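Working through the structure, step by step
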Amino acid sequence: MAVAANQYLFPVMLMGDQLDDFSFLSTDTIETFWRQFRFPEGFAPRSVRFGAAFDVTAFNEARQAWQTANIENAEEVFEEAKGEMKEEKDEEESESGTPPSADLAIM
């Protein structure tokens, strides 16, 4: 779940071109990254591009906050989908008149 929830935020965090705003990346850069699956020509991580001015602690705090929020959102959506599927199945069973215990497919 964590991998799926975070696959879109890491390129933004890594490839952004601002020192202290980790939430922005041009749409052209992200589109090129996903279509060609490579970093832009001349790419260097923020820590290299900004040197001592780069605050790794702030970066890690922002990354952790995004990661936690994305995992929580993904888990919430997953649980909602499971609940909807169960409701649909229960509805189908009640409409068909087949008691759940008689349905061998769910045993």
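Residues numbered from 1 in each chain as written. Predicted model: local features only at pLDDT ≥ 70, side-chain atom pairs only at ≥ 80, totals over all residues. Heavy atoms only, no water.

**Comments concerning the overall build of the chain**
Within the chain one finds five helices and zero strands. Each helix and strand of the chain, ordered N terminal to C terminal, gives the series α-α-α-α-α. For the chain, the proportion of its 107 residues judged to be buried stands at 18%. Restricting to contacts in the chain with at least 6 residues of sequence separation, those with at least 24 account for 64%. On the chain, roughly 7900 Å² of surface is accessible, and the fraction owed to carbon and sulfur atoms is 56%. (Helix = DSSP H or I, 4+ residues; strand = E, 2+ residues; numbered from the N terminus. Buried < 20%, exposed > 50% of the residue type's maximum accessible area, 1.4 Å probe, protein only. Contact = heavy atoms within 4.5 Å. Areas by Shrake-Rupley, 256 points an atom, 1.4 Å probe, with all protein chains shown as cover.)

**Details of the pattern of salt bridges**
With the rule as written, the count across this model stands at three salt bridges. For R35, the salt bridge identified is with E31, shortest N-O distance 2.8 Å. Remark: E31 and R35 occur in helix 3 (residues 27-36); sequence separation between them is four residues, near one turn of the helix. Exposure remark for R35: the relative accessible area of 67% places this residue in the exposed category. Ionic pairing is found between K82 and E79, a salt bridge with its closest N-O pair at 3.4 Å. With K82 and E79 both in helix 5 (residues 56-96), this residue pair falls three residues apart, about one helical turn. (Salt bridge = Lys/Arg side-chain N within 4 Å of Asp/Glu carboxyl O.)

**Some words on unusual backbone geometry**
The backbone phi angle of F37 is positive, close to 50°, even though this residue is not glycine. F37 sits in the exposed class, given a relative accessible area of 60%.

**Some thoughts on helix 5**
In this model helix 5 runs 59 Å from its N-terminal to its C-terminal C-alpha over 41 residues, within 8% of the 60 Å that 1.5 Å per residue would give. Where helix 5 begins, one side-chain oxygen reaches toward the backbone nitrogen of T57, 3.1 Å away; that side chain belongs to D55. (Expected span 1.5 Å × (residues − 1). Polar contact = N/O pair within 3.5 Å; in protein donor to acceptor, adjacent residues only side chain to side chain.)

**Side note on the confidence of the model for the chain**
Mean pLDDT over the chain: 81, with 83% of residues reaching 70 or higher. The least confident element of the chain, judged by mean pLDDT, is helix 1 (residues 2-6) at 66; the most confident is helix 4 (residues 46-50) at 88. (pLDDT = per-residue confidence, 0-100.)

**Describing the environment of F10**
For F10, the position within the fold is in helix 2 (residues 9-15). Distance from F10 to R63, taken between C-alpha atoms, is 8.1 Å for residues 53 residues apart in sequence. Residues in contact with F10, not counting those within four places in the same chain, are R63 and Q67.

**Here we look at the packing of aromatic side chains**
Each pair of aromatic rings is reported with the distance of its centres and the angle of its planes. Evaluated as defined, the whole model comprises eight aromatic pairs. Judged by centre distance (5.6 Å) and plane angle (55°), the rings of F54 and F59 are tilted. Through pairs of rings, three or more aromatic residues link up here, namely F33, W34, F37, F39 and F43. (Phe/Tyr/Trp six-rings, centres within 6.5 Å; stacked < 30°, edge-to-face > 60°.)

**Regarding the side chain of Q67**
In this fold, Q67 is placed in helix 5. Side chain to side chain, Q67 and R63 meet in a polar contact 2.6 Å long.

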